[in-house]
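Secondary and tertiary structure notes
Here are the chains, one letter per residue:
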Amino acid sequence: MSGHPRDAEVAGLPGLSGTGRCLVMGVVNITPDSFSDGGEWFEPEAGVQHGLDLLAEGADLLDVGGESTRPGSARVSEDEELRRVIPVIGRLAAHGAVVSVDTTRASVAQRAVEAGARLVNDVSGGLADPRMAHVVADTGVAYVAMHWRGHADVMDGLEVYDDVVADVRDELSARLDVLLAAGVDQKQVVLDPGLGFSKAGALNWPLLAHLDALHSLGRPVLVGASRKRFLGHLLAGSPGLPADEPAPPLARDDATAAISALAAAAGAWAVRVHAARASADAVRVADAWTSAGLAG
Ligand SMILES: Nc1nc2ncc(COP(=O)(O)O)nc2c(=O)[nH]1
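Structure report, in brief. Note that the structure is predicted; figures quoted are calculated from it, not measured.

We now examine the site of the ligand. With respect to spatial proximity, 16 residues lie near the ligand, and among them N121, D192, K228, R272 and H274 are the closest. Within the side chain of H274, an N or O atom sits 2.8 Å from an oxygen atom of the ligand. Burial of the ligand by the protein amounts to 97% of the accessible area it has alone, namely 410 Å². For the shell around the ligand, the elements supplying multiple residues, two or more each, are β1 (23-29) and β5 (142-146). Partitioned by chemical class, the residues of the shell around the ligand number seven nonpolar, five polar and four charged.

Bringing the pairing of β1 into the picture now. In terms of burial, β1 is a largely internal element, seven of the seven residues being buried. Here β1 shows two buried faces, one formed by L23, M25, V27 and N29 and the other by V24, G26 and V28. Bridge count for β1 against strand β8 (residues 270-273) is four bridges, and the pairing is parallel. Note that in β8 the partner of V24 across the bridge is V271. Looking at chain direction, β1 and strand β2 (residues 61-65) are connected through five bridges and run parallel. From the neighbouring strand, G26 faces β2, where its bridge partner is L62.

Among the structural elements, S260 can be located in helix α9 (residues 253-265). If near-sequence neighbours (up to four positions away) are discounted, S260 is found in contact with V271, V273, S279, A282 and V283.

Following the criterion strictly, the structure yields 13 salt bridges and no others. Linking R91 and E45 is a salt bridge whose minimum nitrogen-to-oxygen distance equals 3.0 Å. Note that R91 is positioned in helix α2 (residues 78-94) and E45 in helix α1 (residues 44-56), a separation of 46 residues in sequence. Between R105 and E81 there is a salt bridge, and its shortest N-O distance comes to 2.6 Å. Placement of the pair is R105 in the loop between β3 (99-102) and α3 (106-115) and E81 in helix α2, with a sequence separation of 24 residues. For E81, a relative accessible area of 1% puts it in the buried group. Linked through salt bridges whose partners overlap, the residues forming this network are D63, D102 and R272.

Among the secondary structure elements, D163 is positioned in the loop between β5 and α5 (164-181). Judged by its relative accessible area of 39%, D163 is partly exposed. Residues D163 and L203, spaced 40 residues apart in sequence, show a C-alpha to C-alpha distance of 9.4 Å. A polar side-chain atom of D163 sits 3.0 Å from the main-chain amide nitrogen of V165.

Reading the values: the criteria
Residues numbered from 1 in each chain as written. Predicted model: local features only at pLDDT ≥ 70, side-chain atom pairs only at ≥ 80, totals over all residues. Heavy atoms only, no water. Near = heavy atom within 4 Å. Polar contact = N/O pair within 3.5 Å; in protein donor to acceptor, adjacent residues only side chain to side chain. Areas by Shrake-Rupley, 256 points an atom, 1.4 Å probe, with all protein chains shown as cover. Helix = DSSP H or I, 4+ residues; strand = E, 2+ residues; numbered from the N terminus. Nonpolar A, V, L, I, M, F, W, Y, C, P; charged D, E, K, R; others polar. Buried < 20%, exposed > 50% of the residue type's maximum accessible area, 1.4 Å probe, protein only. Pairing = 2+ DSSP bridges. Contact = heavy atoms within 4.5 Å. Salt bridge = Lys/Arg side-chain N within 4 Å of Asp/Glu carboxyl O.

These figures come from the coordinates and say nothing about function on their own.
Here's what the structure looks like:
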């Protein structure tokens with residue numbers, strides 16, 4: 001897909017841009033309450049080991065987060081967020097891993113970069129902390145700007161769109177303009193549709209079906225569908241599962257892998273997933289299939 005935004009340079013990640021293939025970002029949530037894996041790796045040692053396990057399963061990079069973004073979750077203090085993520089980021093970076101910090105706080109992003117993070121993954125796209133753009137500009141690290149309309153306590157009430165694809169594209173385009181005006185280099189930015197963030201079930205599928213709308217902004221796109229609620233609704237009533245409630249998070253990994261394959265075929269730069277091996281295999285299938293098609 002030469003010339004495709006997926007192959008555009010991503011600052012600070014020389015080995016992970018222009019590869020021509022979709023990357024796998026493994027999720028390391030150091031939280032007691034994340035919606036699908038809260039508490040499993042709340043201790044630093046366990047978090048580090050989980051990150052190493054994800055790399056062994058095929059993850060290309062790791063996303064370390066210390067604050068749950070689950071709808072309705074309470075915020076954690078800056079000190080607590082730092083306590084959770086900085087030791088794990090430092091240890092994983094020391095192991096040679098490419099590490100991202102999942103935070104909306106500029107102060108946490110700064111400290112994470114100092115500890116070895118090479119990407120800041122900001123679900124708010126810079127809206128939650130006006131200092132974030134300056135930290136990203138000053139450090140020069142890669143930056144994921146996700147589409148977002150508000151924190152977990154309000155996000156579900158902000159899901160009114162005229163045209164969800166056009167609205168998300170336009171709102172991300174506006175964020176990109178603000179970031180560039182603050183001195184962030186275009187090469188630092190990766191975009192993300194923010195699946196499940198102020199987007200009820202059915203609103204997520206058009207965003208996946210039209211990743212080209214985000215690619216029209218000229219930057220690589222990260223897709224984070226893993227284990228999310230809209231997949232639970234899709235899978236309700238699957239064999240062995242009740243029809244009147246969403247499939248539980250841990251029953252959504254096969255569907256997540258299917259999305260990883262389709263997102264890779266649609267040119268996604270990376271997929272953010274909890275189960276790395278399934279999606280690592282899925283994107284390899286998509287890349288083989290797509291390459292054969294290109295070969296004619
Ligand atoms: N860039 C990006 N970051 C994210 N961080 C957390 C979650 C919520 O999922 P989790 O609680 O399982 O980490 N989703 C995203 C996402 O879709 N994109």
